[in-house]
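Residue-level listing of the chains:
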Amino acid sequence: FEVNLSLGGALPVSSEKIEVRDGMPDLNTMVEIGPGLIWHITPKSKKYRFKLSLNIPIRWTYSIDFDRTDDRGAVINPFLFGFGKVYKKLQIFYFASYRWASREFQTTFFEVEPKFAREGRPAYRAKRGSVLSSLGMGFSYNFENRYQGFVGYSHDNYTQNPNRDSPLYQTNDTYT
């Protein structure tokens, strides 16, 4: 087991560049911070070719602007991840995760206050619950033991999000 400091965040987004958010406040930079507990399911040793771990971070979220910081609630983001040697300096990595958030967090992305309602965008009150689930994998290569390059793929699914009825909810799936 291992306890660590878990960090996350998101870059700011201008609402005028997103049609469904036009006329609403911009999304400020988001910062997430909190403890994480990691359970190393397979111990670190030469006996195991692949390593598997479960990380359970709990983070408090804040949006940051130049003149203020706002509490945006909490997120819990457990994820199962692993990696292992494929061939010499080539490794594979993979993960599966789930993200749950408080109502305050979901409000940031899915709530429409009555003053911002308009035709095609009715007022909506966000609900707490699932944000998304993700699956991903990729490969990394260690160059000269000084640099590491990687390529990967992830699929995020939002269909369990309780805010699918929000006029700001746009897609069930994203790919990276």
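Values in this document were obtained by computation on a predicted structure and should not be read as measured data.

## Side note on the pairing of strand β2 (residues 29–40)
Then, number 1: In terms of strand pairing, strand β1 (residues 2–10) meets β2 through nine bridges, oriented antiparallel. Bridge pairing links Leu 5 to Pro 35 in β2.
Then, number 2: Looking at chain direction, β2 and strand β3 (residues 50–64) are connected through ten bridges and run antiparallel. Paired with Val 31 across the bridge in β3 is Tyr 62.

## Considering the side chain of Gln 106
Then, number 1: Mapped onto the fold, Gln 106 is located in helix α1 (residues 103–110).
Then, number 2: Side-chain polar atoms of Gln 106 contact the backbone oxygen of Gly 129, separated by 3.2 Å.
Then, number 3: Excluding residues within four positions of it along the chain, Gln 106 makes contact with Ala 101, Glu 111, Ala 126, Lys 127, Arg 128, Gly 129, Ser 130, Val 131, Asn 161, Pro 162 and Asn 163.

## Thoughts on the pattern of salt bridges
Then, number 1: Taken as a whole, this structure holds six salt bridges when the rule is applied.
Then, number 2: One salt bridge connects Asp 70 with Arg 68, and the closest N-O pair in it is separated by 2.9 Å.
Then, number 3: Of the residues examined, Asp 70 reaches a relative accessible area of 18% and is grouped as buried.
Then, number 4: Ionic pairing is found between Arg 103 and Glu 111, a salt bridge with its closest N-O pair at 2.7 Å.
Then, number 5: One salt-bridge network, held together by shared partners, links Glu 32, Arg 59 and Arg 99.

## Considerations on the nonpolar core
Then, number 1: Core analysis: the biggest nonpolar cluster contains 15 residues, and Ala 101, Phe 105, Val 112 and Val 131 have the highest contact counts within it.
Then, number 2: Mapped onto this core, the elements with two or more residues apiece are α1 and β7 (129–143).
Then, number 3: Apart from the residues lying within four places of it in its own chain, the contact partners of Val 112 are Met 24, Ala 117, Arg 121, Pro 122, Ala 123, Tyr 124, Pro 167 and Leu 168.

Definitions and cut-offs
- Residues numbered from 1 in each chain as written.
- Predicted model: local features only at pLDDT ≥ 70, side-chain atom pairs only at ≥ 80, totals over all residues.
- Heavy atoms only, no water.
- Pairing = 2+ DSSP bridges.
- Helix = DSSP H or I, 4+ residues; strand = E, 2+ residues; numbered from the N terminus.
- Polar contact = N/O pair within 3.5 Å; in protein donor to acceptor, adjacent residues only side chain to side chain.
- Contact = heavy atoms within 4.5 Å.
- Salt bridge = Lys/Arg side-chain N within 4 Å of Asp/Glu carboxyl O.
- Buried < 20%, exposed > 50% of the residue type's maximum accessible area, 1.4 Å probe, protein only.
- Core = buried A, V, L, I, M, F, W, Y, C linked by side-chain atoms within 4.5 Å.

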